[in-house]
Protein chains: 2
Amino acid sequence: MSFPKLDSKVFQNLKDVAHKLRIHSITSTQAAKSGHPTSCASLAEIMTVLFFQQMRLNLKHPRDPSSDRLVLSKGHAAPILYAVWAEAGLFPVEELRNLRLRSDSDLEGQGTAVAAGMAYVGKYLDKADYRTYVILSDGECAEGAVWESLHFAGHYCLDNLCVIFDINKLMCSDASAEMEVYRERLDAFGFNALVLNGHDIDELVKGFHNAASTKGKPTALLARTVKGKDFVGIEGLDEMYGQPLGKRAEAVIKNLQMMISNPNVHLTPKKIGKCGNAPEVNINNILLCNPPNYRLGDSVATRLAYGTALAKIAADNARVIALDGDTKNSTYADKMRNAFPERFIECFIAQQNLVGVAVGATCRRRTVAFVSTHATFFTRAFDQIRMGAISNTNVNFVGSHCGCSIGEDGPSQMGLEDIAMFRSIPGSTVFYPTDAVSTERAVELAANTKGVCFIRTTYPNTTVIYNNDEVFAVGLGKVVRQKPSDEVLLIGAGVTLYECLAAAERLEEDCITARVIDPFTVKPLDVRLIVKHGKLCGGRIVVVEDHYQQGGLGEAVLSALADSRNFVVKHLYVPTVPRSGPPAVLMDMFGISSRSIFKASLAIMKK
Amino acid sequence: MSFPKLDSKVFQNLKDVAHKLRIHSITSTQAAKSGHPTSCASLAEIMTVLFFQQMRLNLKHPRDPSSDRLVLSKGHAAPILYAVWAEAGLFPVEELRNLRLRSDSDLEGQGTAVAAGMAYVGKYLDKADYRTYVILSDGECAEGAVWESLHFAGHYCLDNLCVIFDINKLMCSDASAEMEVYRERLDAFGFNALVLNGHDIDELVKGFHNAASTKGKPTALLARTVKGKDFVGIEGLDEMYGQPLGKRAEAVIKNLQMMISNPNVHLTPKKIGKCGNAPEVNINNILLCNPPNYRLGDSVATRLAYGTALAKIAADNARVIALDGDTKNSTYADKMRNAFPERFIECFIAQQNLVGVAVGATCRRRTVAFVSTHATFFTRAFDQIRMGAISNTNVNFVGSHCGCSIGEDGPSQMGLEDIAMFRSIPGSTVFYPTDAVSTERAVELAANTKGVCFIRTTYPNTTVIYNNDEVFAVGLGKVVRQKPSDEVLLIGAGVTLYECLAAAERLEEDCITARVIDPFTVKPLDVRLIVKHGKLCGGRIVVVEDHYQQGGLGEAVLSALADSRNFVVKHLYVPTVPRSGPPAVLMDMFGISSRSIFKASLAIMKK
């Protein structure tokens, strides 16, 4: 591909800015007494060309939906990102010394998925001109998550995506052979893969131009770089990895200053101009387009109600999207695919990428994403969910096939730790709706709730117990059965709520009346309601869940009661790895059926 | 590669057996009313050639260390594995109808790592002739975990490993182009990659022979197959996926029976013979070769004590191995690498494969494996750990860098959900040793404890509080400070135990004496000790941990007390995503320092 060489003045300016970024990276990590300046040095020319030659940005509105995106997956290099922001004029350069630089947004192996999610939205939903860049370190390439995302980007022909590999850890003596391995892998994963010298500004400019003009496939720039490049006496040395330069800083900075021909150079990024064509979107106040429409006593799986509700909120708001990992027939995400195929993203059996793409797709409030698969398969993406929460993501997760009540498919498919996992995510909201009506409302609420939301859906059919106009809210439970004489409080959710109701019937035959609470959300839990009714029931509580003992509904209830004396709680849970069998048989075998609740209630009456 | 064609009689026998396996797969899934017979049909020739032409097995001792290994990652095809076992004579064919066939060992995407672990041990530790095979479905190839493992296998030149891809879901019209994509990817990942027809017995025999004679790299057999192959009227149809044949079974079976020329054919697998050269090993009663050697008051990080203890048990038993994910300098697994480099496996930044390799390496009790990385990075492998537990694995996990007390590295590096995760693993043991002495004993105990073990180690130095001869046991906590007048019980572990001790000092100045317990193991928790001393302290308990609220030490304590009235618990934990800063500052800022414990103790005195 022919491309005119840069004007020599422009070239020199870019070189100068690259060295300034090097200096900033040193001074800011010196001030913070932590950070990886040598990792930053590898990226100096790449960052310079990206920001002052390539990317279109709106500096006044950094989150302008039309501006190009950059994901720094190589989090160690955060100081040079701050440096280039300062050079671009986002804030005064002097502040770099005061910033408490955090290298804590380290996305290792996750940035590619996030960038792919942004690029997917850009190409297929926004249909806009903005481009997405992501910078990876070579170490990250060992993460399988990276290959999931590269496959995804290739499969969906994301030609608006450019993945930059910062390769500074060449291991073997034959570096060009090693670069060729990278090239072959990327090529085999459907990329336009180019090897180049990451410190050569001309090559970089050419590479980015090639990326922007390649249609039908994403581009990978395999940039060969040197750790600590142009740090005199340090360049290429492993010993200086991962630490500020300390006493050696002064000499290195002096040397860099000598390499700069115009210390007053000041460049500005390209403006967005006519590329500013990302549509305005509004994702506030999303509603079910029609209210739930069931009859009391209907038998409907909550996973099916999820699919129904998803299609309903998607009808209400054009920025609702759904993602699934090759399980759409059983999560019922296929209801969305059937209704709005252009807003359904099939992510295959690759849950890490599935989650990362959703995090990317929701950035800059471009979409409201619902991600579904079997509840237990989210364990594969725990780190992606955790990091999403650290980055204040708003993704909604929906896990079907929870608990031993899925039956014949056996324990590998049973979500028995999903509540524990999602409860541990900071700021998360965990819905565990019992019937179809409450599930539809959970979906509607999740769409409007900040932070990570998780909705746990159930495999077998359950009976509709709420009227279509019942009002639900995050953190508000429901008392579903009560009498003034109640002596024990039963708490269940999903399948176990019905077991509580059946146990209450049976207890009444023995002249013991029991109150029953459906918590609706496990996090936040309706502490006030549980404490109040628990006290009214003599402080006797039986809580039962189709989940392991640890971290689920039971421990949430115990946490809610920690501060109060005079409660006694019997917790029923799945105590061990279940086996395969009919749902009712398994629930009884593992001690979470009405029979066990009945027995536990009798026992607790003596306390 | 030249290879003699099979004798026609042998060829016909193999063909007949393949059809018999098809019939068995149908009848057993009919009887179980669940299962995927069409997925089994793809594998009939592959299984037949593997078991009756290729693998060396000791049928009398199925776990003979010298026999070849087969990992069926494609769990959906379990019925044909049972069928071939029956045909090989492991149990009567008739039992296939009675077996409650479980398709629940579905390793999707994980089998390659397990097989790679077995192959690594075979090549580098056992130095034996046995070979390892793994069968993957094409759907699994979307999982990044697969590519982590393929990279590992290529990197370590595991030429004793043969990965069979059962490719029956070709998507595009040009199937041979799609097969070529697979071949290019495998080739780029360092494999000897062969494309073949998975239903052609001659090609399969040749392929396996090629695999066995290829040195220096693993082999991938990319087998193009057909779903429901030779099921008349069903072959290649998507609609029959994932279900027994029902009414169509009879006609299909009849047709298969007609294709069999000798219904009484009976084949036996190859014997091990002179390939039986895997060494005998003994992994019982592993001890520290020297007892802990510290002085009371020494300041030592428990992560360092882990490295020390690891090298000590490795000196005691030659089958102790260590695996790490490019974090050996900070987990101190490098102590093992320095002492016994041949028993240290570097798995790079690829945690899913790291865990899977360990699961494979410990199969058939070949090794005792310790897997270390930063505690929070295990979230990337939660599913691998979960599935390992379902398969009764005995791997030991060691997570360093727990909690906000790691300080400057920031929240992305802080393990704040690791206890929740490991507690939710069925049958797990969770150690949280406080000082160097107890850490060394935790390592020794873990080496001899069945199931998944997790040891949480601490980043900063902590003070040695136990004598070198102190005796520790799983499920036994320690009272580390007590007076008869104690009015509140403080429970802490790791860094927070010291905060409890400091708070107790300060409380004593206010004439309140506090008892302090170090639980040593969070799971099982020493319920008896906590209930007893809690009661002696007026039912007042403050529990403090460097972990989020959910699923950690606090909720474990609450679970232990659920059944008793008259306890009041104040739980101190990290309430939100921390920031970066000095450890002591962060612990105070997030409410888990002695100052917060002191305040909580004063408050609880009023309850």
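The rules behind the values
Residues numbered from 1 in each chain as written. Chains lettered and ligands numbered in written order. Predicted model: local features only at pLDDT ≥ 70, side-chain atom pairs only at ≥ 80, totals over all residues. Heavy atoms only, no water. Helix = DSSP H or I, 4+ residues; strand = E, 2+ residues; numbered from the N terminus. Rg over C-alpha atoms; globule rule 2.2 N^0.38 Å. Buried < 20%, exposed > 50% of the residue type's maximum accessible area, 1.4 Å probe, protein only. Contact = heavy atoms within 4.5 Å. Areas by Shrake-Rupley, 256 points an atom, 1.4 Å probe, with all protein chains shown as cover. Lys, Arg positive; Asp, Glu negative; His and termini not counted. Charge placed at Lys NZ, Arg CZ, Asp CG, Glu CD. Pairing = 2+ DSSP bridges. Axes fitted to C-alpha atoms, helices over the stretch in contact; angles between N-to-C directions. Salt bridge = Lys/Arg side-chain N within 4 Å of Asp/Glu carboxyl O. Phe/Tyr/Trp six-rings, centres within 6.5 Å; stacked < 30°, edge-to-face > 60°. Lys NZ or Arg CZ within 6 Å of the ring centre and 35° of its normal. Polar contact = N/O pair within 3.5 Å; in protein donor to acceptor, adjacent residues only side chain to side chain. Core = buried A, V, L, I, M, F, W, Y, C linked by side-chain atoms within 4.5 Å. UniProt positions renumbered as here; feature names shortened; annotations may be inferred. Parallel < 35°, antiparallel > 145°, perpendicular 65-115°, else oblique. Left-handed = near helix turned anticlockwise from the far one by under 90°. Nonpolar A, V, L, I, M, F, W, Y, C, P; charged D, E, K, R; others polar. Expected span 1.5 Å × (residues − 1). Buried area = accessible area lost by both parts, 1.4 Å probe. Disulfide = S-S within 2.5 Å. pLDDT = per-residue confidence, 0-100.

**Structural notes on the overall build of chain A**
Working step 1: Looking only at helices and strands, chain A has 22 helices and 19 strands in total.
Working step 2: A compact globule built from 607 residues should have a C-alpha radius of gyration of about 25 Å, and chain A, at 28 Å, falls within 12% of that.
Working step 3: Projected onto its principal axes, the C-alpha positions of chain A cover 95 × 50 × 45 Å.
Working step 4: Counting across all 607 residues of chain A, residues that qualify as buried make up 66%.
Working step 5: A separation threshold of at least 6 residues defines the contact pool for chain A, and within that pool the share at least 24 residues apart is 80%.
Working step 6: Of the roughly 20,600 Å² that chain A leaves accessible, carbon and sulfur atoms contribute 51%.
Working step 7: Of the charged side chains in chain A, 66 are positive and 64 negative, and the gap between their average positions amounts to 4 Å.

**Quick word on the sheet that holds strand β15 (residues 488-491) of chain A**
All names here are of chain A.
Working step 1: Taking strand neighbours across the sheet as the criterion, the five strands line up as β14-β16-β15-β18-β19 in an open arrangement whose pairing is mixed. Here the strands that pair on one side only, and so sit at the sheet edges, are β14 (478-481) and β19 (568-572). Mean inter-strand twist for the sheet, computed between neighbouring axes without regard to direction, equals 25 degrees.
Working step 2: Of the pairings in the sheet, the one linking β15 to strand β16 (residues 514-518) comprises four bridges and is parallel in character. Directly across from I491, in β16, lies its bridge partner I517.

**Considering the pattern of salt bridges**
Working step 1: One pass over the structure, following the stated rule, counts 54 salt bridges over all chains.
Working step 2: Put simply, R183(B) and E180(B) hold a salt bridge, and the shortest N to O gap is 2.9 Å. A residue pair is termed a helical-turn pair when its members lie 3 or 4 positions apart in one helix, as R183(B) and E180(B) do in helix α8 (residues 175-188) at three residues.
Working step 3: Given the relative accessible area of 31%, E180(B) is considered partly exposed.
Working step 4: Across the salt bridge formed by R481(B) and E508(B), the nearest N and O atoms sit 2.4 Å from each other. Note that R481(B) is positioned in strand β14 (residues 478-481) and E508(B) in helix α18 (residues 495-509), a separation of 27 residues in sequence.
Working step 5: Classification of R481(B) as buried rests on a relative accessible area of 18%.
Working step 6: Through salt bridges with shared partners, a single ionic network connects K15(A), R22(A), E45(A) and D230(A).

**As for the packing of aromatic side chains**
Working step 1: Per the stated rule, a full pass over the model turns up 38 aromatic pairs over all chains.
Working step 2: Taken together, the ring pairs in this structure connect Y120(A), Y124(A), F152(A), Y156(A) and F348(A) into an aromatic cluster.
Working step 3: Sitting above the plane of the F340(B) ring, R343(B) keeps its charged end 4.4 Å from the centroid.
Working step 4: Of note, R506(B) hangs over the ring of F598(B), and the distance from its end group to the ring centre comes to 4.1 Å.

**Focus on helix α19 (residues 527-536) of chain B**
All names here are of chain B.
Working step 1: Of all the residues in α19, the buried ones are L529, I530, V531, H533 and G534.
Working step 2: Where α19 is buried, its residues meet β14, β15 (488-492), β16 (514-518), β18 (540-544) and α20 (553-561).
Working step 3: Directly after α19, the chain includes G538, whose backbone phi takes a positive value near 75 degrees.

**Quick notes on unusual backbone geometry**
Working step 1: Of note, the bond from K523(A) into P524(A) is cis; its omega dihedral lies within 30 degrees of zero at -5 degrees.
Working step 2: With respect to the helices, strands and loops of the structure, P524(A) is situated in the loop between β17 (521-523) and α19 (527-536).
Working step 3: Positive phi, close to 45 degrees, is recorded for K127(B), a residue that is not glycine.
Working step 4: Note on placement: K127(B) falls in the loop between α6 (111-125) and β2 (132-137).
Working step 5: The class for K127(B) is exposed, based on a relative accessible area of 61%.
Working step 6: In this model, Y332(B) sits at a positive phi of 70 degrees, which is unusual for a non-glycine residue.
Working step 7: Turning to its location among the elements, Y332(B) is positioned in the loop between α12 (328-331) and α13 (334-339).

**Brief notes about the environment of S149(A)**
Residues and elements named next belong to chain A.
Working step 1: Within the element layout of this structure, S149 appears in helix α7 (residues 144-155).
Working step 2: Between the C-alpha atom of S149 and that of C347, which follows or precedes it by 198 residues, the distance is 9.4 Å.
Working step 3: When sequence neighbours within four positions are dropped, the list of residues in contact with S149 reads T112, A113 and N353.
Working step 4: Side-chain polar atoms of S149 contact the side chain of N353, separated by 2.7 Å.

**Let's talk about the nonpolar core**
Nonpolar side chains tend to gather and get buried jointly when the protein is soluble and globular.
Working step 1: Ranked by size, the top nonpolar core spans 180 residues in total, and within it F165(A), L323(A), F397(A), F165(B), L323(B) and F397(B) carry the most contacts.
Working step 2: Look past the residues within four positions of F165(A) in its chain and what remains in contact with it is L136(A), C141(A), L150(A), L186(A), A220(A), L221(A), L222(A) and A223(A).

**Re the UniProt feature "domain: Transketolase-like pyrimidine-binding" (unreviewed entry) in chain A**
Working step 1: Cross-referencing UniProt, the feature "domain: Transketolase-like pyrimidine-binding" (unreviewed entry) maps to residues 300-464 of chain A in the present numbering.
Working step 2: Annotated as 38% helix and 18% strand, the span residues 300-464 of chain A places its first and last C-alpha atoms 7 Å apart.

**Observations regarding the packing of helix α1 (residues 8-32) of chain B against helix α3 (residues 44-54) of chain B**
All names here are of chain B.
Working step 1: Running from amino to carboxyl end, α1 crosses α3 at an angle of 125 degrees, the nearest separation of the two axes being 9 Å. When the axis of α1 is compared with that of α3, the two are oblique. The element α1 and its partner α3 pack so that their crossing is right-handed. Taken together, the residues of α3 that come into contact with α1 (itself represented by V10, L14, K15, V17, A18, L21 and R22) are A44, E45, M47, T48, F52 and Q53.
Working step 2: Residue composition of the contact of α1 with α3, by class: eight nonpolar, two polar and three charged.

**So, the sheet that holds strand β4 (residues 192-197) of chain B**
Residue and element names in this part refer to chain B.
Working step 1: Spatially, β1-β2-β3-β5-β4 is the arrangement adopted by the five strands of the open sheet, whose pairing is parallel. Each edge of the sheet is formed by a strand with only one pairing partner; in this case those strands are β1 (69-72) and β4. The mean inter-strand angle of the sheet, taken between neighbouring strand axes irrespective of direction, is 20 degrees.
Working step 2: The pairing of strand β3 (residues 161-167) with strand β5 (residues 219-224) spans six bridges and is classified as parallel. Bridging across to β5, D166 finds its partner in A223.
Working step 3: Running at roughly 170 degrees to β5, α8 makes contact with β3, β4 and β5 of the sheet.

**Side note on helix α6 (residues 111-125) of chain A**
All names here are of chain A.
Working step 1: With 15 residues, α6 should cover 21 Å at 1.5 Å per step; its first-to-last C-alpha distance of 20 Å lies within 8% of that length.
Working step 2: With 13 of 15 residues buried, α6 lies mostly within the body of the structure.
Working step 3: Once α6 finishes, K127 follows within two positions and takes phi at roughly 45 degrees, a positive value.

**Some remarks on the interface of chain B and chain A**
Working step 1: Every contact between the two is made by 74 residues of chain B and, on the other side, 74 residues of chain A.
Working step 2: At the boundary of chain B with chain A, total buried surface from both sides reaches about 6,600 Å², with 49% on carbon and sulfur atoms.
Working step 3: Put simply, chain B and chain A have eight salt bridges between them.
Working step 4: The closest approach of N and O atoms between E555(A) and R423(B), which form a salt bridge, is 2.7 Å.
Working step 5: Counting across the interface, chain B meets chain A through 36 residue pairs in polar contact (both at pLDDT 80 or more).
Working step 6: Those elements that provide at least two residues to the side of chain B that touches chain A are α7 (144-155), α8, α14 (351-361), α15 (382-390), α16 (418-423), α20 and β19 (568-572) of chain B.
Working step 7: Split into classes, the residues belonging to the side of chain B that touches chain A amount to 25 nonpolar, 24 polar and 25 charged.

**So, the state of the cysteines**
All names here are of chain B.
Working step 1: Enumeration over the complete set of coordinates arrives at zero disulfides over all chains.
Working step 2: No disulfide involves C40; its nearest neighbouring cysteine sulfur is the one of C141, lying 18 Å away.
Working step 3: The buried category is assigned to C40, whose relative accessible area is 1%.

**As for the packing of α1(B) against helix α10 (residues 249-259) of chain B**
Residues and elements named next belong to chain B.
Working step 1: Contact pair α1 / α10: the axes reach a minimum separation of 9 Å and the direction vectors enclose 165 degrees. In terms of their interaxial angle, α1 and α10 are classed as roughly antiparallel. Judged by the twist between their axes, the crossing of α1 over α10 is left-handed. Contacts between α1 and α10 pair D16, H19, R22, I23, I26, T27 and Q30 from the former with A249, V252, I253, L256, Q257 and M259 from the latter.
Working step 2: Residues of the contact of α1 with α10, tallied by class, amount to seven nonpolar, four polar and two charged.

**Some remarks on the confidence of the model for chain A**
Working step 1: This prediction gives chain A a mean pLDDT of 95; 98% of its residues lie at or above 70.
Working step 2: Note on the complex model: pTM 0.97, ipTM 0.96.

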